[in-house]
Amino acid sequence: MKRCVYLLLLQWINPTLVFGQGSFRYQQAPLQFCPLAASVSPKDITREFRPNLIHLEMPSPGGNSYHAFLQTQKQQLTSLAPKTGGGTVILGEADSPLILEGFPGNPFDGSVPTDNHLAISNSGMLVSVANSTLFFYDTENSITLDTIALEDFFDTLGLPANKYDPRVLYDPKADRFIVVCLSGSEDSTSHIVLAFSQTSNPVGIWNMYKLEGNPLGNSTWSDFPMVAITDEELFITVNLLANDTINTPDSWKYLFQQSVIWQINKRNGYDGQPLQNRFYHDIQYNNAPVRNLCPIQGATTTAGPNIYLLSNRNFAIQNDTFFILEITNLLHHPQTQLTLRISTADIPYGLPPDGKERSNRILLTNDARVLDGFIENQKIHFVQNTRNPDTMRAAIYHGVISNLSMGTGPVIRGAVIGSESLDFAYPAISFSGQSPADEEAIITFNHTSVDSFAGVSAVFYNGTGYSERVTLKAGEDFVAILPGLRQRWGDYSGSQRKYNEPGKVWISGFYGIRLGTGLNQVRTNATWIAALASPDTLNTFMAQVKKHRYAVTTYPIPFEKDFSVEFELPEAKVLDISLYNDEGRLIKTFIRDKVNSGKNKFSFSPQPLSAGTYFLQIRDNSRIILSEKIIKL
């Protein structure tokens, strides 16, 4: 078996700490080449035996002992009183994102949690990953190209250990895909496995590699990968955990060892050449590891050569500190180094309580680590789980870091996106502006409540305020895969800007569903995929709306008197009927209520409107039914 062997530098690298007090140090491994392990096309993968060992519960981020520690920490939240003025924003100060379409993604395979992530090419080829499947979909023609288990996809690597925590990226400059996941959850079996597509066709040939999950040879294994790309490189961060052989209340302290950053030449992967790489380890501030590093990707396209990575005090009850790391050049550059700056936010974050679902179910929120982010115009937008101080429910923290290149140091402005009745968790964020000068984003996340089931939501951020929450997919049933009431809620969600269609974002998230009937029924998690757009792009994307196959009639166009629309629903639905102007601004929401199945007619008077062009939009929870351009004379 070909293996990548790493010779470690013995000296500490201790760059100058510009902002914050204390010492920062790390070690940098030398350059290394990892050989190509296999080149495989999904259509050529043998699936005759179709073995199906379902791993009901993938490793918890930080290990099982860390999970137990978090539950102890969260017990302290019950003694905290709600506190106003904690940064919770008022929703509704911006227009809502457009819901272009939505549909079920990766088919159910029994794995917990879903760990949703996706990527979409400029030509509309979509790759969605979840525990433990890849789902290939042609969005332009609404065709499923293939579905394959992670185990089958990476079978040629000869790694029989469990595959989990998948991530996927699309490279808009190379027009290629990258899939990353983990294999094995102990030091003797742990690997990071990678697949680079040779072309823009995701069902074509992929080049596959395997990196050591225990690169230091110290009885640790790799956990919870995060990924990003720059113009020339791929970055993967993982946490190294010790084997879980310690059975004490404090074992969580000893099982987490450190976070590691891998810096990889992505062009080698596309070309099937030995993979040039190096990694950074023993990353410490004041002799304590800087953990859970989230790499930050470019917004409108890839950036580089430098890359930023974010960390925080992820298991603190309340904190305002963020660690901003930067790798300053390409991996082969002799002066490339890792630097650290520390800054505090104006609004604190904190450990989130677990989510509550109907039927007394509990959905686990893990900790408050940074989960996703992008950079544009030297500003970083990022999101993570947190606590809503007004209601003590799980919520979303949205942070904006500016002054990255200023001598005065970074400035961090935070906001808490919460609800009086809902719990939010596992956010993702993508830039939704038309040009790099815009400052706006679509933030998606999972939602649940004691009166409803787990589903997928979104808000739009216009640079100053946030829209009302819109439901992308309502849950259909509670989740009951694991024994007992406590269920995994997905460790992350997926989101990516459609690079060649400014303002458009594709997302994937978690919802509850019931499958089967009678004794064969199962209440489980499922993947929902949706396309959204900035409300500023109403005119641009109306022609792309994927309508239901409902009979729709509108008249008259143009109109002077009442405007009417007739439509037929195959089943009763809660509909939103709204009017927008030609700039995409919401003029009026006429109806937000249940509409019966069969034929329906809606009309309104144009009396309050001035002459001009408008758009009438009818949508349900999953997609737009009608978006009609109308003209008042």
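Notes on the structure in this doc start here. Values in this document were obtained by computation on a predicted structure and should not be read as measured data. (Residues numbered from 1 in each chain as written. Predicted model: local features only at pLDDT ≥ 70, side-chain atom pairs only at ≥ 80, totals over all residues. Heavy atoms only, no water.)

1. As for the overall build of the chain
Helix and strand content of the chain: 5 helices and 44 strands. Here the chain, with 633 residues, has 62% of them falling under the buried criterion. Look at the contacts in the chain between residues 6 or more apart in sequence, and 63% of them connect residues 24 or more apart. Of the accessible surface of the chain, which amounts to about 23900 Å², a share of 48% is contributed by carbon and sulfur atoms. (Helix = DSSP H or I, 4+ residues; strand = E, 2+ residues; numbered from the N terminus. Buried < 20%, exposed > 50% of the residue type's maximum accessible area, 1.4 Å probe, protein only. Contact = heavy atoms within 4.5 Å. Areas by Shrake-Rupley, 256 points an atom, 1.4 Å probe, with all protein chains shown as cover.)

2. A few points about the nonpolar core
Core analysis: the largest hydrophobic core is formed by 31 residues, its most contacted members being Leu310, Phe322, Ile380, Phe382, Tyr397 and Ile401. Residues within four places of Phe382 in sequence aside, it is in contact with Leu310, Phe322, Val370, Asp372, Gly373, Tyr397, His398, Gly399, Val400, Ile401 and Ile412. Of all hydrophobic cores here, the second largest spans 30 residues; its members include Met58, Leu216, Leu234 and Tyr270. (Core = buried A, V, L, I, M, F, W, Y, C linked by side-chain atoms within 4.5 Å.)

3. Comments concerning the sheet that holds strand β41 (residues 586–595)
A sheet is described by the order of its strands in space; here 4 strands give the open sequence β41-β40-β43-β44, paired in antiparallel fashion. Each edge of the open sheet is held by one strand with a lone partner, namely β41 and β44 (624–632). In this sheet, neighbouring strand axes are inclined to one another by 15° on average, regardless of whether the strands run parallel or antiparallel. As paired elements, strand β43 (residues 612–619) and β44 share 8 bridges and run antiparallel to each other. Its bridge partner being in β44, Gly612 is matched across the sheet by Lys632. (Pairing = 2+ DSSP bridges. Axes fitted to C-alpha atoms, helices over the stretch in contact; angles between N-to-C directions.)

4. Describing the side chain of Ser457
Inspection of the secondary structure assignment puts Ser457 in strand β31 (residues 452–461). When its relative accessible area of 0% is taken as the criterion, Ser457 is described as buried. A distance of 2.8 Å separates a polar atom in the side chain of Ser457 from a polar atom in the side chain of Arg469. Excluding its chain neighbours within four sequence positions, the residues that come into contact with Ser457 are Ile443, Thr444, Phe445, His447, Arg469, Val470, Thr471 and Leu472. (Polar contact = N/O pair within 3.5 Å; in protein donor to acceptor, adjacent residues only side chain to side chain.)

5. Side note on the side chain of Ser96
Tracing the chain through its elements places Ser96 in the loop between β4 (91–94) and β5 (98–104). Setting aside its immediate chain neighbours within four residues, Ser96 contacts Phe460, Ser467, Glu468, Val470, Pro535 and Arg619.

6. Describing the pairing of strand β37 (residues 522–533)
The element β37 is largely enclosed, with a buried count of 10 among its 12 residues. Examined bridge by bridge, β5 and β37 share 6 bridges and lie antiparallel to one another. Bridge pairing in β37 links Gly102 to Ala530. The turn linking strand β36 (residues 504–515) back onto β37 is made up of 6 residues, and Gly516 within it adopts a positive phi angle of 80°.

7. Focus: the sheet that holds strand β11 (residues 176–183)
Pairing in this open sheet of 5 strands is antiparallel, and the strands run β3-β13-β12-β11-β10 from one edge to the other. Each edge of the open sheet carries a strand with a single partner, namely β3 (38–40) and β10 (163–171). When strand polarity is set aside, the average angle formed by the axes of neighbouring strands in this sheet is 25°. Strand direction decides the pairing type here: β3 and strand β13 (residues 206–212), joined by 3 bridges, are antiparallel. Residue pairing for β13: Ser39 is matched across the bridge by Asn207.

8. Details of the packing of aromatic side chains
This structure, assessed with the given rule, holds 28 aromatic pairs. Ring geometry for Tyr461 against Tyr466: centres 4.8 Å apart, planes inclined by 40°, an arrangement best described as tilted. According to the relative accessible area criterion, Tyr461 is buried, its value standing at 1%. For Tyr466, a relative accessible area of 5% gives the class buried. An aromatic cluster of three or more residues is present, and its members are Phe103, Phe135, Tyr137 and Trp506. One Lys or Arg, Arg167, reaches over the ring of Phe224 and ends 5.7 Å from the middle of that ring. If you follow Arg291 out to its NZ or CZ, it ends over the ring of Phe256, 3.9 Å from the centre. (Phe/Tyr/Trp six-rings, centres within 6.5 Å; stacked < 30°, edge-to-face > 60°. Lys NZ or Arg CZ within 6 Å of the ring centre and 35° of its normal.)

9. Focus: unusual backbone geometry
Geometrically, the link from Val112 to Pro113 is a cis peptide bond, its omega value of -10° lying close to zero. Here Pro113 lies in the loop between β5 and β6 (117–120). With an omega of 10°, the peptide bond between Asn131 and Ser132 qualifies as cis. Counting through the fold element by element, Ser132 comes out in the loop between β7 (125–130) and β8 (133–138). Although it is not a glycine, Ser219 sits at a positive phi angle of roughly 60°. Relative to the helices and strands, Ser219 resides in the loop between β13 and β14 (220–229). Notably, Tyr426 is not glycine yet its phi reads approximately 55°, a positive angle.

10. Structural notes on the pattern of salt bridges
Counted by the stated rule, this structure contains 19 salt bridges. Where Glu151 meets Lys163, a salt bridge forms, and the shortest distance between an N and an O atom there is 3.2 Å. Linking Glu151 in helix α2 (residues 150–153) with Lys163 in strand β10, this pair joins segments that are 12 residues apart in sequence. In this structure, Glu476 engages Lys473 in a salt bridge whose closest nitrogen and oxygen atoms are separated by 2.8 Å. The exposure class of Glu476 is partly exposed, given its relative accessible area of 43%. Among the charged side chains, a network of salt bridges with common partners joins Lys74, Asp354 and Arg486. (Salt bridge = Lys/Arg side-chain N within 4 Å of Asp/Glu carboxyl O.)

11. Some remarks on helix α1 (residues 64–75)
Its 12 residues place the ends of α1 17 Å apart at the C-alpha level, agreeing with the 16 Å of an ideal helix rising 1.5 Å per residue. Residues Ser65, Tyr66, Phe69, Leu70, Gln71, Gln73 and Lys74 constitute the buried set of α1. (Expected span 1.5 Å × (residues − 1).)

12. Section: the pairing of strand β27 (residues 393–402)
By the criterion of burial, β27 is predominantly enclosed, with 9 of the 10 residues buried. As judged from the 9 bridges shared by strand β26 (residues 379–388) and β27, these two strands associate in the antiparallel manner. Within β27, the position partnered with Arg387 by the bridge is Ala394. As consecutive antiparallel partners, β26 and β27 are separated by 4 residues, and within that stretch Met392 has a phi angle of approximately 60°, a positive value. Relative to strand β28 (residues 411–417), β27 is paired through 7 bridges, and the arrangement is antiparallel. Bridge pairing links Val400 to Arg413 in β28.

13. What to know about the environment of Gln318
For Gln318, the location among the structural elements is in the loop between β20 (307–312) and β21 (319–327). A sequence separation of 34 residues divides Gln318 from Pro352, and the C-alpha atoms of the two residues are 9.8 Å apart.

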